[in-house]
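So the chains spell out like this:
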Amino acid sequence: MEGALSLKGLHHLTAVSADIRTNYRFYTETMGMRLVKRSVNQDDVRAYHLFYADAVGSPGTDVTFFDWAVPSEQRGSRSIVRTHLRVNGSEALAWWEGRLAEVGVRSNGVTERDDRLVLDFEDPEGQRLTLIDDGGAGVDSIPWMESAVPPEHQIRGLGPVVLSVPRIDATEVVLTRVMGMQQTRIYRAADLGMQRVVVFEMGGGGPHAEVHVAVQPREQPARPGAGGVHHVAFRTPNESEYEAWVERLDEIGIPNSGRVNRYYFKSLYFREPNGILFEIATDGPGFAVDEDPEHLGESIALPPFLEPRREEIEANLKSID
C-alpha cells in the first residue's frame, strides 16, 4: 500500500437485537460492560442504538446494537460470523467460564485455537461470541468501577472478528491492497466447522487488530437478522487520515458512502466483494462530547441535527431499564 496510511485496529462492531431490554441486561449485567451511549440509529430514529464499552468508551472497546424487530439471522457465509472480546490471562478465562455457568449461559469451556486460549458462547439471541486471552497485549481499556465484573477480569475490548466467505481471492485484495493489512498465518478451527482460516493484521498487529477470514465454499449466504452482525468498523486516528481514506476509495473506484458525520466519530462505509459492510471511523471526538463522563449512557443522547425532533423520537422509544 502506498504511503503511510494505516488502520490502527478495530474501532467497534455493530450487531442487531430484536429484544433490546434483554440485550441491555445481558451486556451490562452478565458481561459487566458499561452502556456509554444511549442513542438512536441516525438513519432510522425509531430504533435504539446502544453502545457498550469500557468505562469511557475508548475506541476499540465498544460493541453496539441496533434495536430492530426482525426475525433471527439465518446463519451462513458472506457475513461476520464471530466476535472476539479480549480478556487478560488464563485466570480471567477460568473466572468467566464459572460466571457464565453460574448465570445459565452455556459455553464450550476454555480451549486453545490459533495458539490462544478462548471461550466460546452465545448471547440470548444467538450472537456468537468468544472471549480470548490477549496476554495483556493490544489496546488498554479503562475498567468500569461500577461493573459486577472485577476490574482484572473485565472485557478489555474487541478482539479478532471472523468473516465467512466462499472464496477469499477478492476479499484478500481489498484487505491487503486497499486497506493495507498483512496476511500473517493460516489456522484450522474444526470445532467451528472451519477448515481454513486466514489471518490479516492491521497496524502493528495483535489481537485487537486482526481480521480472520474463514473460507467456506459450501455455506449458503447468510440472511441478516437478530443475533447477527451488521458491520465492523476500523480505526483511523484523526480527520486528516480519514480524509485520505475517502480520497483513496474514490481514486480506486470503490463505491462508498462518502463522508458521514456520526457526531461521536466520522464514518466511511463500503462493502467488501462478498457484501460484508465495512466502516472506517475516527477515534474522536468520542462519547463525552455531549455528556458528563460520569453519567454516560444514562439518558437518551441525540446528535445536534436530531435535537429538534427529540420529543417525537423519545415518544416512540420504549424504556430499557
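Everything quoted here is computed from the prediction, not taken from an experiment.

S.K.: So what exactly am I meant to see when it comes to the overall build of the protein here?
M.R.: Helices and strands together make up the secondary structure of the protein, namely five helices and 16 strands. For 321 residues, the compact-globule formula gives about 20 Å, and the C-alpha radius of gyration of the protein, at 19 Å, lands near that figure. Oriented by its inertia axes, the alpha-carbon framework of the protein measures out at about 50 × 50 × 35 Å. Considering only contacts within the protein whose residues lie at least 6 apart along the sequence, 68% involve residues at least 24 apart. Of the roughly 13600 Å² of accessible surface on the protein, a fraction of 46% belongs to carbon and sulfur atoms. Mean positive and mean negative side-chain charge positions of the protein (33 and 49 charges, respectively) differ by 6 Å.

S.K.: Honestly, the sheet that holds strand β12 (residues 210-215) in this entry has me stumped. Any pointers?
M.R.: Where strands meet in a sheet, backbone hydrogen bonds hold them as pairs that are either parallel or antiparallel. Pairing is mixed across the open sheet formed by eight strands, whose spatial order is β6-β7-β8-β5-β9-β12-β11-β10. Two strands bound the open sheet, and with one partner strand each, they are β6 (107-113) and β10 (182-189). The mean inter-strand angle of the sheet, taken between neighbouring strand axes irrespective of direction, is 25°. Bridge count for strand β11 (residues 194-201) against β12 is five bridges, and the pairing is antiparallel. Note on β12: the bridge partner recorded for glutamate 201 is glutamate 210. Sitting on the sheet, helix α2 (residues 90-102) touches β5 (79-87), β6, β7 (116-122) and β8 (128-133), and the angle it makes with β7 is about 20°. Helix-sheet contacts for helix α3 (residues 169-178) involve β9 (157-165), β10, β11 and β12, and the interaxial angle to β11 is about 20°.

S.K.: So what exactly am I meant to see when it comes to the pairing of strand β1 (residues 10-17) here?
M.R.: The two faces of a sheet get side chains in turn, since along a regular strand they alternate between them. Among the eight residues in β1, eight count as buried, and that is most of the element. Here five bridges tie β1 to strand β13 (residues 229-236), and the two strands are oriented antiparallel to one another. In the strand pairing of β13, leucine 13 is matched with valine 232.

S.K.: Explanation requested: the nonpolar core in the structure shown.
M.R.: Proteins that are soluble and globular tend to have nonpolar side chains buried together. The biggest cluster of nonpolar side chains holds 69 residues, and the ones touching the most others in it are Met31, Leu131, Met179 and Phe234. Residues Ala53, Tyr264, Leu296 and Ala301 belong to the second largest nonpolar core, which totals 10 residues.

S.K.: Explanation requested: the side chain of asparagine 274 in the structure shown.
M.R.: Checked against the element boundaries, asparagine 274 lands in the loop between β15 (265-271) and β16 (277-285). A polar contact is formed between the side chain of asparagine 274 and the side chain of arginine 78, at a distance of 3.0 Å. Beyond its immediate sequence surroundings of up to four residues, asparagine 274 is in contact with Arg78, Val165, Pro166, Arg167 and Thr171.

S.K.: It is not clear to me how the pairing of β6 should be interpreted in this structure. Could you clarify?
M.R.: Where β6 and β7 come together, five bridges link them in antiparallel fashion. Counterpart to arginine 113 in the pairing with β7 is arginine 116. Between the antiparallel neighbours β6 and β7 lie two residues, among them aspartate 114 with a positive phi of about 55°.

S.K.: Could you clarify how one ought to interpret the packing of aromatic side chains in this entry?
M.R.: In this description, an aromatic ring pair is defined by two values, namely the gap between the centres and the angle between the planes. The full count for this structure, using the stated rule, is 11 aromatic pairs. Taking 5.0 Å as the distance between ring centres and 80° as the angle between the ring planes, the aromatic pair formed by phenylalanine 26 and tyrosine 27 counts as edge-to-face. Grouping aromatic residues by their ring pairs yields a cluster made of Phe26, Tyr27, Tyr52 and Phe65. Sitting over the face of the ring of tyrosine 24, arginine 38 holds its NZ or CZ atom 5.8 Å from the ring centroid.

S.K.: Looking at this model, I keep getting lost on the pattern of salt bridges. Mind explaining?
M.R.: Where charged atoms from two side chains of opposite charge approach closely, those side chains can pair. Enumeration according to the criterion identifies 25 salt bridges in this entry. Two residues, aspartate 120 and arginine 82, come together in a salt bridge whose shortest N-O distance is 3.8 Å. Placement of the pair is aspartate 120 in strand β7 and arginine 82 in strand β5, with a sequence separation of 38 residues. You'll find aspartate 120 and arginine 82 in the same group, each marked buried.

What counts and what doesn't
Going along each chain's sequence as written, the residues are numbered from 1 onward. This being a predicted model, a pLDDT of at least 70 is required before a residue's local features are given, and a value of 80 or more before pairs of side-chain atoms are given or counted; all residues contribute to the totals for chains, interfaces and linings. The basis for every side-chain value is the complete set of non-hydrogen atoms in the structure, without hydrogens or water. Strands here mean DSSP runs of E at least two residues long; helices mean DSSP runs of H or I at least four residues long; both are numbered from the N terminus. With C-alpha atoms as the basis for the radius of gyration, the globule rule is written as 2.2 Å multiplied by the number of residues raised to the power 0.38. By the convention used here, residues are in contact when the closest approach between their heavy atoms is within 4.5 Å. Where accessible areas are quoted, they stem from the Shrake-Rupley method and a 1.4 Å probe; at the residue level, only the protein chains shown are allowed to cover. By the counting scheme adopted, Arg and Lys are positive, Glu and Asp are negative, and His together with the chain ends is not counted. To locate a charge, take NZ of a lysine, CZ of an arginine, CG of an aspartate or CD of a glutamate. Paired strands are those between which DSSP finds at least two bridges. Helix axes are fitted to C-alpha atoms over the stretch in contact, other axes to C-alpha atoms as well, and angles between N-to-C directions run from 0 to 180 degrees. Residue exposure (1.4 Å probe, protein chains only): buried if accessible area is under 20% of the type maximum, exposed if over 50%, otherwise partly exposed. Nonpolar cores were defined as sets of buried Ala, Val, Leu, Ile, Met, Phe, Trp, Tyr and Cys residues, with membership established by side-chain atoms within 4.5 Å. Distance and chemistry together define a polar contact, namely a pair of N or O atoms within 3.5 Å, with one atom able to donate a hydrogen and the other to accept it when in protein, and with adjacent residues in sequence counting only for side-chain atoms on both sides. Any two of the Phe, Tyr and Trp rings considered here, Trp counted by its six-membered ring, make a pair once their centres fall within 6.5 Å; the pair's planes then place it as stacked at under 30 degrees, edge-to-face at over 60, or tilted in between. Comment: the charge-over-ring label is applied if NZ (Lys) or CZ (Arg) is within 6 Å of the ring centre and within 35 degrees of the ring normal. Any Lys or Arg side-chain nitrogen found within 4 Å of a carboxyl oxygen on Asp or Glu counts as a salt bridge.

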